[in-house]
Amino acid sequence: MNDFSKILISHSESETLNLGRTIGEKILPGVTVLLYGNLGTGKTVLVRGVGEAMKISGVRSPSFTLINEYESPQGIFLIHSDLYRLDENGVFALGLEEFAGASDSVLFIEWPERWKNLPVNDVIKIFFKALNEDEREIKISASGLKAQEVLKQL
């Protein structure tokens with residue numbers, strides 16, 4: 001299975017939000033999106049943009065709730081989890097595996113390096129790197145047919 005990848009530069013929070021909107025317009029149920037990057041690099045901003053494209057309002061950081069579930073008017077669920085505060089046992093207790101690849105949801109995970117059983121099929125990985133206060137290098141790769149189709153359309 002080949003991986004596809006793209007590198008983008010976001011010059012502002014609004015550009016990152018717009019990238020999220022674009023991803024939200026193209027995302028397919030069953031795709032898992034893994035978001036890597038330091039605090040404050042735009043991971044939650046991107047997911048908020050995905051939510052806007054899916055006609056979901058109020059998308060916020062799940063830092064303290066750990067998992068936020070939102071349902072779009074089309075019946076597709078946006079599952080957003082932040083694993084920053086968890087260890088391996090805490091991540092296991094969340095049961096994220098039941099969301100990965102589900103036919104009625106898209107799963108977005110911040111700090112996925114804490115999840116030992118990462119899905120491998122239909123996965124988009126997004127790496128955020130701060131270049132300065134406003135600019136971010138965003139590397140996106142995809143594996144699996146659905147994930148690759150989403151990335152090709154971006």
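Look up: the structure comes first, before these words.
Residues numbered from 1 in each chain as written. Predicted model: local features only at pLDDT ≥ 70, side-chain atom pairs only at ≥ 80, totals over all residues. Heavy atoms only, no water.

**Re helix α4 (residues 145-153)**
Now for step 1: For α4, every residue scored as buried is listed here: Ala-147, Gln-148, Val-150 and Leu-151. Seen along its axis, α4 keeps its buried residues to an arc of 160 degrees; they face one direction. Facing away from the buried surface of α4 by more than 90 degrees, the exposed residues are Leu-145 and Lys-152. (Buried < 20%, exposed > 50% of the residue type's maximum accessible area, 1.4 Å probe, protein only. Helix = DSSP H or I, 4+ residues; strand = E, 2+ residues; numbered from the N terminus. Arc of directions from axis to C-beta.)

**Remarks on the nonpolar core**
Now for step 1: Grouped together as the largest cluster of nonpolar side chains are 25 residues, with contacts concentrated most on Ile-27, Leu-78, Phe-108, Ile-124 and Ile-126.
Now for step 2: Mapped onto this core, the elements with two or more residues apiece are α1 (13-26), β2 (32-36), α2 (43-53), β5 (105-110), β6 (123-130), β7 (136-143) and α4.
Now for step 3: Beyond its immediate chain neighbours, meaning those up to four positions away, Ile-27 contacts Val-33, Met-54, Val-106, Ile-124 and Val-150.
Now for step 4: The next biggest cluster of nonpolar side chains, apart from the first, holds 15 residues, and it includes Ile-79, Leu-83, Leu-96 and Trp-111. (Core = buried A, V, L, I, M, F, W, Y, C linked by side-chain atoms within 4.5 Å. Contact = heavy atoms within 4.5 Å.)

**A short note on α2**
Now for step 1: Taken across its 11 residues, α2 has 8 buried, putting it largely inside the fold.
Now for step 2: Taken together, the buried positions of α2 are Lys-43, Thr-44, Val-45, Leu-46, Val-47, Gly-49, Val-50 and Gly-51.
Now for step 3: In this structure, the buried side of α2 is in contact with α1, β2, β4 (77-82), β5 and β6.
Now for step 4: Among the residues trailing α2, Lys-55 stands out with phi positive, at a value near 65 degrees.

**Overview of unusual backbone geometry**
Apart from glycine, the bulk of residues carry a negative phi angle, and the bulk of peptide bonds sit in the trans form.
Now for step 1: You will see that Lys-55, though not glycine, has its phi angle at about 65 degrees, which is positive.
Now for step 2: On the accessibility criterion, Lys-55 (60% relative accessible area) is exposed.
Now for step 3: Positive phi values are uncommon outside glycine, yet Trp-111 reaches one of about 60 degrees.
Now for step 4: The residue Trp-111 is located in the loop between β5 and β6 in this model.

**Considerations on the environment of Ile-7**
Now for step 1: Here Ile-7 shows up in strand β1 (residues 4-10).
Now for step 2: A relative accessible area of 55% means that Ile-7 is categorised as exposed.
Now for step 3: Taking C-alpha positions, Ile-7 is 5.7 Å from Ile-138, a pair spaced 131 residues apart along the chain.
Now for step 4: When neighbours within four sequence positions are excluded, Ile-7 is seen to be in contact with Glu-137, Ile-138 and Lys-139.

**Here's the deal with the pattern of salt bridges**
Pairing between side chains of opposite charge can happen when their charged atoms approach one another.
Now for step 1: All told, the structure shown has 3 salt bridges when counted by the stated rule.
Now for step 2: Arg-21 is paired through a salt bridge with Glu-52; the nearest N and O atoms lie 2.7 Å apart. Note that Arg-21 is positioned in helix α1 and Glu-52 in helix α2, a separation of 31 residues in sequence.
Now for step 3: Glu-52 sits in the partly exposed class, given a relative accessible area of 33%.
Now for step 4: Among the salt bridges present, the one from Lys-139 reaches Glu-137, with a minimum N-O distance of 3.9 Å.
Now for step 5: Note on Lys-139: relative accessible area 38%, which makes it partly exposed.
Now for step 6: Judged by relative accessible area, which is 19%, Glu-137 ranks as buried. (Salt bridge = Lys/Arg side-chain N within 4 Å of Asp/Glu carboxyl O.)

**Examining the packing of aromatic side chains**
Now for step 1: According to the stated counting rule, one finds 2 aromatic pairs in the structure shown.
Now for step 2: When the centroid spacing of 4.6 Å and the interplanar angle of 10 degrees are considered together, the rings of Tyr-36 and Phe-127 count as stacked. Here the residue Tyr-36 occupies a position in strand β2, and Phe-127 occupies one in strand β6, the gap between them amounting to 91 residues.
Now for step 3: Consider the rings of Tyr-84 and Trp-111, whose centres lie 4.8 Å apart with planes at 55 degrees: the pair is tilted. (Phe/Tyr/Trp six-rings, centres within 6.5 Å; stacked < 30°, edge-to-face > 60°.)

Note that all results are geometric; they support no functional claim without further evidence.
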